[in-house]
Amino acid sequence: MAKDKKPPPTNDGPAWEQLRRLFQVGSPEFVEVLRQRVSATTLAAFAETWYTDTRVEARRLLFAYIERPFNAPRHEPLVKRLFKFADNAGDDAVMARFLAGLDRLVRRKRGTASVWDARSRSMEQVEVIYTPPDTTLSRDDRAYAGAWFTQNREKFTKGRFLFSVPTRQYLRRRAWRYFRRLGKKHPDRYVPAVCTALKLYTDADVPDALALLDNWGLVHVLFHHSPALESRPTGWFVSPTGTIQQLQPEPMYRQLWLRSPEPIFDLLVNAKCRPVCLWAAKMLKQHFPQRIAQVSLDELLDWLVSENAVLNDLAIEALERIGGLEAVPVEKWLKLIESARPDLLDRICEMVARAVKPEHVSFTDAVRLAMQRPVPLARLGMAFLQ
């Protein structure tokens, strides 16, 4: 009679016990220490314990883990199980983080390929878009053993991710499918849920037009119905008759977005990804222009020097239309023009010249402006001096 197999171990020694203690106290170190563990069996067993823990600390650590890149070796079972638990539980907050995180796992490149042209009877070079084949972390446990891997971990994992490329494409489609169903079955939850996801994208996720299209869920949320794009199982492509410059807000479930301007306005102000901010600005201009008109003068002045370039442009457009700029103190104008984007200085200085009377500017401030290196500031200072 064959002997019964022993159940797989649920821990890997004292190091795992130390990790569990960090988890129990909710230590921020937990996530980074967990990412160092490479025991797939132990991590798989821990998934249910973690997800079903209702403590605020456990939830915070879960968010932090999913927001990190999915490139911790042998974490496939943990990631998959957490994904399934959240999907089955209807967990909008966790699935929002999975939507953004899984969107980052596929990045295509442009290249050239030789194609036979029957007319010219010769090989021609054409541009192609392809997914690099060497981006999958090894699932061989021996690759992560010994001091060599510990010392070269970052080099080994750079540019590589969990799961094969087809599996990554499937998972990001699954993540979007969750929100597509949410919009049908629970429309009141859809916009808040996708807004949580949209705030997680950053400019690093969209360095160019191709990278924008590689964000499967993001493009569905913002441009699902755009005639300039077409979707395939392997990703988004520009349609034969379209261009990326033709992209306009064509969101999935447009009627849900048009219920209120506030979620869109919140994205405009708080999103960290320029395409998301541009989308929000265009949506407000098209459907809720009165919401932008409600922004106070003080808010517009703050927008003028914000790190968000979309807010800068909206602010200067609004300030050039409205009145009341004479009420802004001279000191505030001087502080603003010294902190503003260089390409906006000409327009800002023109506004200041119209709004500020020269006699209200001290001789010292005028000289300081005249000695500035940017020409618009120097020109404004000279105008005040004259």
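From a predicted model like this one, the values you see are computed outputs, not experimental measurements. (Residues numbered from 1 in each chain as written. Predicted model: local features only at pLDDT ≥ 70, side-chain atom pairs only at ≥ 80, totals over all residues. Heavy atoms only, no water.)

This part is about the side chain of Arg 172. On the secondary structure map, Arg 172 appears in helix α9 (residues 165-185). There is no salt bridge for the buried Arg 172, and the closest opposite charge comes from Asp 214, which lies 5.2 Å off by N-O distance. With near-sequence residues (within four places) excluded, Arg 172 lies in contact with Leu 102, Asp 103, Val 106, Asp 214, Trp 216, Thr 234 and Gly 235. (Helix = DSSP H or I, 4+ residues; strand = E, 2+ residues; numbered from the N terminus. Buried < 20%, exposed > 50% of the residue type's maximum accessible area, 1.4 Å probe, protein only. Lys, Arg positive; Asp, Glu negative; His and termini not counted. Salt bridge = Lys/Arg side-chain N within 4 Å of Asp/Glu carboxyl O. Contact = heavy atoms within 4.5 Å.)

Another aspect to go through is the packing of helix α10 (residues 187-198) against helix α12 (residues 216-223). Contact geometry for α10 and α12: axes closest at 11 Å, N-to-C directions at 130°. Considering their axes alone, α10 and α12 lie oblique with respect to each other. As for how α10 packs across α12, the hand of that crossing is left-handed. Across the interface between the two elements, Tyr 190, Val 194 and Leu 198 from α10 touch Leu 218, Val 221 and Leu 222 from α12. Residues that form the contact of α10 with α12 fall into these classes: 6 nonpolar, no polar and no charged. (Axes fitted to C-alpha atoms, helices over the stretch in contact; angles between N-to-C directions. Parallel < 35°, antiparallel > 145°, perpendicular 65-115°, else oblique. Left-handed = near helix turned anticlockwise from the far one by under 90°. Nonpolar A, V, L, I, M, F, W, Y, C, P; charged D, E, K, R; others polar.)

To continue, consider a nonpolar patch on the surface. Residues Phe 363, Met 382 and Leu 385 make up a contiguous nonpolar surface patch of roughly 310 Å² in combined accessible area. Along the chain, the position of Met 382 falls in helix α22 (residues 375-385). A relative accessible area of 40% places Met 382 in the partly exposed class. (Patch = residues over 30% accessible without salt bridge, like charges linked within 9 Å, V, L, I, M, F, W, Y side chains within 5 Å. Areas by Shrake-Rupley, 256 points an atom, 1.4 Å probe, with all protein chains shown as cover.)

A few words now on the pairing of strand β1 (residues 109-117). Relative to strand β2 (residues 122-130), β1 runs antiparallel, the two sharing 9 bridges. Looking at β2, one finds that Gly 111 is bridged to Val 128. A loop of 4 residues connects β1 with β2, the two strands running antiparallel in sequence, and Arg 121 in this loop sits at a positive phi of about 50°. (Pairing = 2+ DSSP bridges.)

Checked against the element boundaries, Leu 325 lands in the loop between α18 (309-321) and α19 (330-339). With a relative accessible area of 9%, Leu 325 lands in the buried category. Those residues in contact with Leu 325 that sit more than four places away from it in its chain are Leu 297, Leu 319, Trp 333, Met 351 and Ala 355.

Following the criterion strictly, the structure yields 21 salt bridges and no others. Arg 104 is paired through a salt bridge with Asp 205; the nearest N and O atoms lie 2.8 Å apart. Of this pair, Arg 104 sits in the loop between α6 (92-103) and β1 while Asp 205 sits in the loop between α10 and α11 (209-214), placing them 101 residues apart in sequence. For Asp 205, a relative accessible area of 6% corresponds to the buried category. For the salt bridge of Arg 341 with Asp 343, the shortest nitrogen-to-oxygen distance reads 2.6 Å. Classification of Asp 343 by relative accessible area gives exposed; the value is 52%. It is possible to trace a salt-bridge network through shared partners that takes in Arg 74, Glu 76, Arg 139 and Asp 141.

Attention now moves to unusual backbone geometry. Not every positive phi belongs to a glycine, and Arg 74 is a case in point at roughly 70°. On the basis of relative accessibility, which here comes to 10%, the residue Arg 74 falls in the buried class. Here Phe 163, not a glycine, exhibits a phi torsion of approximately 75°, which is positive. Here Phe 163 lies in the loop between α8 (153-157) and α9.

Positive charge collects at one region of the surface, where Arg 180, Arg 181, Lys 184 and Lys 185 lie side by side. The residue Lys 184 is located in helix α9 in this model. (Charge placed at Lys NZ, Arg CZ, Asp CG, Glu CD.)

In the structure shown here, the tally under the stated rule is 17 aromatic pairs. Geometrically, the ring pair formed by Tyr 51 and Phe 85 is stacked, given 5.8 Å between the ring centres and 15° between the ring planes. With Tyr 51 in helix α3 (residues 40-51) and Phe 85 in helix α5 (residues 76-89), this residue pair connects regions lying 34 residues apart in the sequence. Assessed through its relative accessible area of 14%, Tyr 51 is described here as buried. The class for Phe 85 is partly exposed, based on a relative accessible area of 27%. With a centroid separation of 6.0 Å and an interplanar angle of 25°, the aromatic rings of Phe 70 and Phe 98 are classed as stacked. With Phe 70 in the loop between α4 (56-67) and α5 and Phe 98 in helix α6, the pair connects residues that are 28 residues apart, well separated along the chain. Phe 70 sits in the buried class, given a relative accessible area of 3%. Aromatic ring contacts, followed pair by pair, group Trp 16, Phe 23, Phe 30, Phe 46, Trp 50 and Tyr 65 into a single cluster. (Phe/Tyr/Trp six-rings, centres within 6.5 Å; stacked < 30°, edge-to-face > 60°.)

Moving on: the nonpolar core. Phe 30, Trp 50, Phe 98, Phe 179, Tyr 190, Trp 257 and Leu 268 are the most contacted members of the largest nonpolar core, which totals 113 residues. Setting aside residues no more than four positions away along its own chain, Leu 268 makes contact with Cys 277, Ala 280, Ala 281, Leu 284, Trp 303, Asn 308, Val 310, Leu 311 and Leu 314. (Core = buried A, V, L, I, M, F, W, Y, C linked by side-chain atoms within 4.5 Å.)

Owing to its 3.6 residues per turn, the α-helix aligns residues three or four sequence positions apart on the same side. Taking 1.5 Å of rise per residue, 12 residues should cover 16 Å, and α10 covers 17 Å from first to last C-alpha, within 8% of that figure. Along α10, the positions that sit buried rather than exposed are Tyr 190, Val 191, Ala 193, Val 194, Cys 195, Ala 197 and Leu 198. Tucked into the core, α10 has its buried residues touching α6, α9, α12, α13 (254-257), α14 (262-270) and α15 (274-287). (Expected span 1.5 Å × (residues − 1).)

Distances and angles like these do not, on their own, reveal function.
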